[in-house]
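# Architecture at a glance
Spelled out, the chains give:
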Amino acid sequence: KPKGIQNYLTLISQRAKIEGFIVFDYAKRYPEAIAEMSQGLRDGTIKRKFHIVEGLENAPSALPLLFTGGNTGKL
């Protein structure tokens, strides 16, 4: 399971900075990203995982997996 930030007090004492980004700030570069991601998927440098649950009757038991981290990859 993913864990949150650990040892963040060390970051504060070292005056470190954590910064994220907003993907929409880079909308003009989407075509470039799509081309690069597509190439990686084709040549195998980027791997995908799928968690397949067969049958509509299994959907009610599969849905909670999305919220508990019980699935691996795309459900």
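In this report, we go over the structure that sits alongside the text. (Residues numbered from 1 in each chain as written. Predicted model: local features only at pLDDT ≥ 70, side-chain atom pairs only at ≥ 80, totals over all residues. Heavy atoms only, no water.)

## Some details on the packing of aromatic side chains
This structure, assessed with the given rule, holds 1 aromatic pair. Taking 5.8 Å as the distance between ring centres and 85° as the angle between the ring planes, the aromatic pair formed by F21 and Y26 counts as edge-to-face. Overall, the relative accessible area of 62% leaves F21 in the exposed class. (Phe/Tyr/Trp six-rings, centres within 6.5 Å; stacked < 30°, edge-to-face > 60°. Buried < 20%, exposed > 50% of the residue type's maximum accessible area, 1.4 Å probe, protein only.)

## Observations regarding the pattern of salt bridges
Tallied over the entire structure, the rule returns 2 salt bridges. Close ionic contact of E19 with K17 constitutes a salt bridge, the shortest N to O distance being 3.2 Å. Both residues of the pair, E19 and K17, count as exposed. Among the ionic pairs, E32 bridges to R29, the shortest N-O distance being 2.9 Å. Since its relative accessible area comes to 46%, R29 is described here as partly exposed. (Salt bridge = Lys/Arg side-chain N within 4 Å of Asp/Glu carboxyl O.)

## Details of helix 2 (residues 30-43)
Between its first and last C-alpha atoms helix 2 spans 20 Å; for 14 residues at 1.5 Å apiece the expected length is 20 Å, and the two agree. Looking at the residues trailing helix 2, positive phi occurs at G44, about 90°. (Helix = DSSP H or I, 4+ residues; strand = E, 2+ residues; numbered from the N terminus. Expected span 1.5 Å × (residues − 1).)

## Considerations on a nonpolar patch on the surface
There is a patch of nonpolar side chains on the surface, built from F21, I22, V23, F24, Y26, Y30 and I34 and spanning about 790 Å² of accessible area. In this structure, I22 sits in the loop between helix 1 (8-13) and helix 2. (Patch = residues over 30% accessible without salt bridge, like charges linked within 9 Å, V, L, I, M, F, W, Y side chains within 5 Å. Areas by Shrake-Rupley, 256 points an atom, 1.4 Å probe, with all protein chains shown as cover.)

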